[in-house]
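# Structural overview
Spelled out, the chains give:
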2 protein chains.
Amino acid sequence: MLSGMSSLDVRSIEQEALDLTRELCRKPSVSAEGRALGETAELVETLLTGAGFETRQLTVDGAPPAVYGELAGEGDASLLLYNHYDVQPVDPIELWDSPPFEPTLRDDRLFARGAADNKAEIGVRLATIRAMREAGDALPLTIRWIVEGEEEVASPHFDAIIEQNADLLRADGCLWEGSGLAMDGRPEIALGFKGNLAIKLDVQALTSDAHSGTAGVLPSAAWRLHAALESIRGVDGTIRVEGFHDAVREPSARAREAVAEQSPSIEDELREFFGVEEFVDGLTGLALRERLTFSPTCNICGIHTGYGGPGIKTVLPAHASAWMDFRLVPDQRPAEVFDLIRSHLEAEGFSDVALTFLASAEPAATPPEDAFASRVIDVAERVIGKPPSIFPLAPASLPVVASLQRHVGLPGLSAPDNPVYGGSAAHAPNEHVRVEDFAPAIEFTIALFDELGR
Amino acid sequence: MLSGMSSLDVRSIEQEALDLTRELCRKPSVSAEGRALGETAELVETLLTGAGFETRQLTVDGAPPAVYGELAGEGDASLLLYNHYDVQPVDPIELWDSPPFEPTLRDDRLFARGAADNKAEIGVRLATIRAMREAGDALPLTIRWIVEGEEEVASPHFDAIIEQNADLLRADGCLWEGSGLAMDGRPEIALGFKGNLAIKLDVQALTSDAHSGTAGVLPSAAWRLHAALESIRGVDGTIRVEGFHDAVREPSARAREAVAEQSPSIEDELREFFGVEEFVDGLTGLALRERLTFSPTCNICGIHTGYGGPGIKTVLPAHASAWMDFRLVPDQRPAEVFDLIRSHLEAEGFSDVALTFLASAEPAATPPEDAFASRVIDVAERVIGKPPSIFPLAPASLPVVASLQRHVGLPGLSAPDNPVYGGSAAHAPNEHVRVEDFAPAIEFTIALFDELGR
């Protein structure tokens, strides 16, 4: 077993983690745009090799490579780590205060696209593993690590990669992409993630834009798209797609208890970081947290049609597009929901609205009573000194979770080894991490490896 | 009086009109973007001076100059010409087959932004006047000509320019920006134009974009804008703003007769040029033409919110904007309709939706029985050899019409001296005029000047 773990210098690990984060964030690895994915995979592989991992790239046709590494440790214990090296697009670019791919330290915050989601976590894990190896002969457990390149486009090929490489990925459990600390300092732990279905609606009402004087008689792509959206979801928020809610499973009593005991500061964070005066339907407290955890969503990611510049252009737009995503809860299946939407549009007379499947993720969770999960939760409470705030189902999606369950049979969770907080602006302009959040993430990681290796 | 008018060489006037059109179209005079307006005014003034006009620039604070020119003729008759030298924005630029400000002759069509609306008409009028002066000592009538630079942004300062210069603009009648020939060859004549009100709606639901996982509880700018639009206009097309229709005046019997006698090819043109399979509400024939002429509209010029790139970005957009325009009929007033929309949004609980006034035009028309109009209509029928298709109220808007009525008391109309046709794609990509349409426009102009100068 390793000795001297407590003598590790967290400050120097922190510095190395920050440097690694910066290095990773300089890569514009936007998967939606197919940018810099191969070279970012190369960088990740080089970094893993440098930390002592035996690595290889796992590929399937049409996908950027996933990087796999294995670092043998003492004893029989093993842990699988999951991350992704791709990031979200940067638009609206004009709202960034510094260039998204030039990591910038400002007020003890590191700003860069991908810093919070999830390159700083790769930095923390890597720097911690390096330091632990330097401090002893071997880690107390075997670490396997898979880093994919399509998470931000809902991992369309990752299930196949996992299926083909299931033997490499076996372990006692998995740490998915991680969580951080709530505003009140309680560690956040996610035991599962909602599913997701991303679609696009397109209306081509005319062969070309027309003078808006003709609006009384020529069909409008904009109003037609509006009508389709209205048909899918009423202005009161009701999702009108027939059968949409049929597969929703009643949450377990344990899951409900966990939500009741979650940090109430979730609400304060949302209020503060997004300037919210009133939540949807006036939600607050437990009702807000239950909605966040247990309800599917119907979201407009974007609508674009016609003119959008200064002043006015009096045009009747020929084309209109909407990008939507639906977060799904057990046992909703993205493919089934997609079919329901298709049937709904046809039944409601919207056969002129083109429906495109963009991406999906299955909802999946590890039960709160799982033994691996319990050990991680205990370490978090011990190291951070506060009771974890547990999400039976986090509101985001992580396709790997269902794939690992299906092909490898692994329990897993998101542990607080990611230096993020509620204001990190993941997916948004000025994404950043706070330097102060690196130390607790590093301390937790050291303690967890030590505990799991016992 | 001029002699030898019939000996004018229409082919050489056509060539000169095409050259002038090209020269004007090379100027990117996009008023919505404030581009190249001063230099285009200079060009217009130079061209008018070269044709013998005494010119000056008419200015008011905050507006690009209007160019005024006067060319004294024989006798007492006088005619006011109106044009604008500004054009619509070019987006969506990717749909243009040639650069919009590099006039391109292709298949006997001249492609350029502003060619149809309305630089080719300036070319036709100017080339014809030049040729008539060269053929004789003087024109048979005095021509006054005003060319403004803000028509495509609804002429916010032109009413003031007309009011301050009313004495310059007196004449027996006015030829507004002109019309062309219908698909069946009948000359189109507009006796009036609908009004217009352009507005913008903005929703700022969050201080920054959020991860779409929060869509269950965080307010959505996109859905909120959707709800505001739904409140303004139902999916069945009903405009729901209380009082919106109150001021609509019943069309006169003469106006209804004119619409009944319009060229039925209006419908075929719309069908062909915009690829329409079915019009709004299944309209066809007289019902379609009556809707086009007598009904106000509620149009979405554009909606922009959130992501709009390749693949998907699962974001909850903080901001959403819609650009709208309402074509108005007598006696609707844009300022009153704007107030009604503001009151409606407040009454319906949309005080969080910011409403911006962008531009407006009053509806106005010359009565079908007006003497000046009758003379122009007769010339059109005689020269073109087919009965004019008359619009008591054209579906577009032309702010100058109401201003001339109010401050100068001038009758006027849009006569077929503009080489445009239904497929000209005014305001749209690949705007163009056909070379074949120049000759009839020139012949009509010659005959009209001759007739009015008798």
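As the structure is a prediction and not an experimental result, all values here were calculated from the model. (Residues numbered from 1 in each chain as written. Chains lettered and ligands numbered in written order. Predicted model: local features only at pLDDT ≥ 70, side-chain atom pairs only at ≥ 80, totals over all residues.)

## Overview of the interface of chain B and chain A
The test is simple: By the convention adopted here, residues make contact when the C-beta atoms placed from their backbones lie within 7 Å. Under the scheme used here, helices are H or I runs from DSSP no shorter than 4 residues and strands are E runs no shorter than 2 residues, and both carry numbers assigned from the N terminus. Each residue is assigned to one of three groups, with Ala, Val, Leu, Ile, Met, Phe, Trp, Tyr, Cys and Pro labelled nonpolar, Asp, Glu, Lys and Arg labelled charged, and all others, Gly among them, labelled polar. Two strands make a pair as long as DSSP finds a minimum of two bridges between them.
Taken together, the contacts link 75 residues of chain B with 75 residues of chain A. It is strand 12 (residues 299-306) of chain B that provides the largest number of residues to the side of chain B that touches chain A, a total of eight residues. In terms of residue class, the side of chain B that touches chain A is made up of 41 nonpolar, 25 polar and nine charged. Taken together, the five bridges between strand 12 (residues 299-306) of chain A and strand 12 of chain B define a ladder with antiparallel strand orientation.

## Considering the confidence of the model for chain A
We count it as follows: For every residue, the predictor states its confidence as a pLDDT score lying anywhere from 0 to 100.
Chain-level pLDDT for chain A is 94 on average; 98% of the residues reach the 70-or-more range. Model confidence for the complex is summarised by a pTM of 0.87, with the ipTM given as 0.88.

## Some points on unusual backbone geometry
Outside of glycine, negative phi angles account for most residues, and trans bonds account for most peptide bonds. Residue and element names in this part refer to chain B. Residue Pro92 is bonded to the preceding Asp91 through a cis peptide linkage, with omega at 0°. Relative to the assigned elements, Pro92 resides in the loop between strand 3 (78-84) and strand 4 (104-106). For the bond running from Asp117 to Asn118, omega is 0°, close enough to zero to count as cis. Examined against the element boundaries, Asn118 turns out to sit in helix 3 (residues 115-135).

## A word on the packing of helix 3 (residues 115-135) of chain A against helix 12 (residues 438-452) of chain A
All names here are of chain A. Keep this limit in mind: Angles run from 0 to 180 degrees between N-to-C directions of axes, and those axes are lines fitted to C-alpha atoms, restricted for helices to the stretch in contact. Angles are sorted into four bins: roughly parallel if under 35 degrees, roughly antiparallel if over 145, roughly perpendicular if 65 to 115, and oblique for all others. For any pair of crossing helices, the crossing counts as left-handed if the nearer helix is rotated counterclockwise from the farther one by less than a right angle, and right-handed if it is rotated clockwise.
Remark: helix 3 packs on helix 12, axes separated minimally by 10 Å, with the N-to-C direction vectors making an angle of 55°. Comparing the axis directions of helix 3 and helix 12 gives the class oblique. Crossing angle aside, the handedness with which helix 3 passes helix 12 is right-handed. Across from Val124, Arg125, Thr128 and Met132 in helix 3, the residues of helix 12 making contact are Phe438, Ala441, Ile442, Thr445, Ile446 and Phe449. Of the residues assigned to the contact of helix 3 with helix 12, the class counts are seven nonpolar, two polar and one charged.

## Concerning the domain arrangement of chain A
All names here are of chain A. What counts, and what does not: Where a domain begins and ends is set by an automatic assignment or by a domain database.
In terms of domains, chain A is made up of domain 1 (5-193 + 364-452) and domain 2 (195-248 + 296-361). Each of domain 1 and domain 2 has a C-alpha centre, and these two points are 34 Å apart. On the domain 2 side, the residues contacting the ten residues of domain 1 number nine residues. Grouping the amino acids of the side of domain 1 that touches domain 2 by side-chain chemistry returns eight nonpolar, two polar and no charged.

## A look at helix 6 (residues 253-260) of chain A
Residues and elements named next belong to chain A. What counts, and what does not: Exposed residues have 12 or fewer other C-beta atoms within 10 Å of their own C-beta, buried residues have 20 or more, and partly exposed residues fall in between, where C-beta atoms are placed from the backbone. The arc in question is traced by the directions running from the helix axis to the C-beta atoms.
Within helix 6 the residues assigned to the buried category are Ala255, Ala258 and Val259. All buried residues of helix 6 fall inside an arc of 95° around its axis, so they share one side. In this structure, helix 6 carries Ala253 and Ala260 as exposed residues pointing more than 90 degrees from its buried face. In this structure, the buried residues of helix 6 make contact with helix 8 (285-294) and strand 17 (389-391).

## Thoughts on the sheet that holds strand 14 (residues 319-328) of chain A
Two strands in a sheet stick together by hydrogen bonds in their backbones, pointing the same way (parallel) or opposite ways (antiparallel). Taking strand neighbours across the sheet as the criterion, the eight strands line up as 15(A)-10(A)-14(A)-12(A)-12(B)-14(B)-10(B)-15(B) in an open arrangement whose pairing is antiparallel. At either margin of the open sheet sits one strand with a lone partner, and together these are strand 15 (354-361) of chain A together with strand 15 (354-361) of chain B. Strand after strand, the sheet turns through a mean of 15° between neighbouring axes, direction not considered. Bridge count for strand 12 of chain B against strand 14 (residues 319-328) of chain B is six bridges, and the pairing is antiparallel. The partner of Ile300 of chain B across the bridge, within strand 14 of chain B, is Met324 of chain B.

## Points about helix 11 (residues 399-407) of chain B
Within helix 11 of chain B the residues assigned to the buried category are Pro399, Val400, Val401, Ala402, Ser403 and Leu404 of chain B. Two residues or fewer past helix 11 of chain B, Gly409 of chain B is found with a positive phi of approximately 70°.

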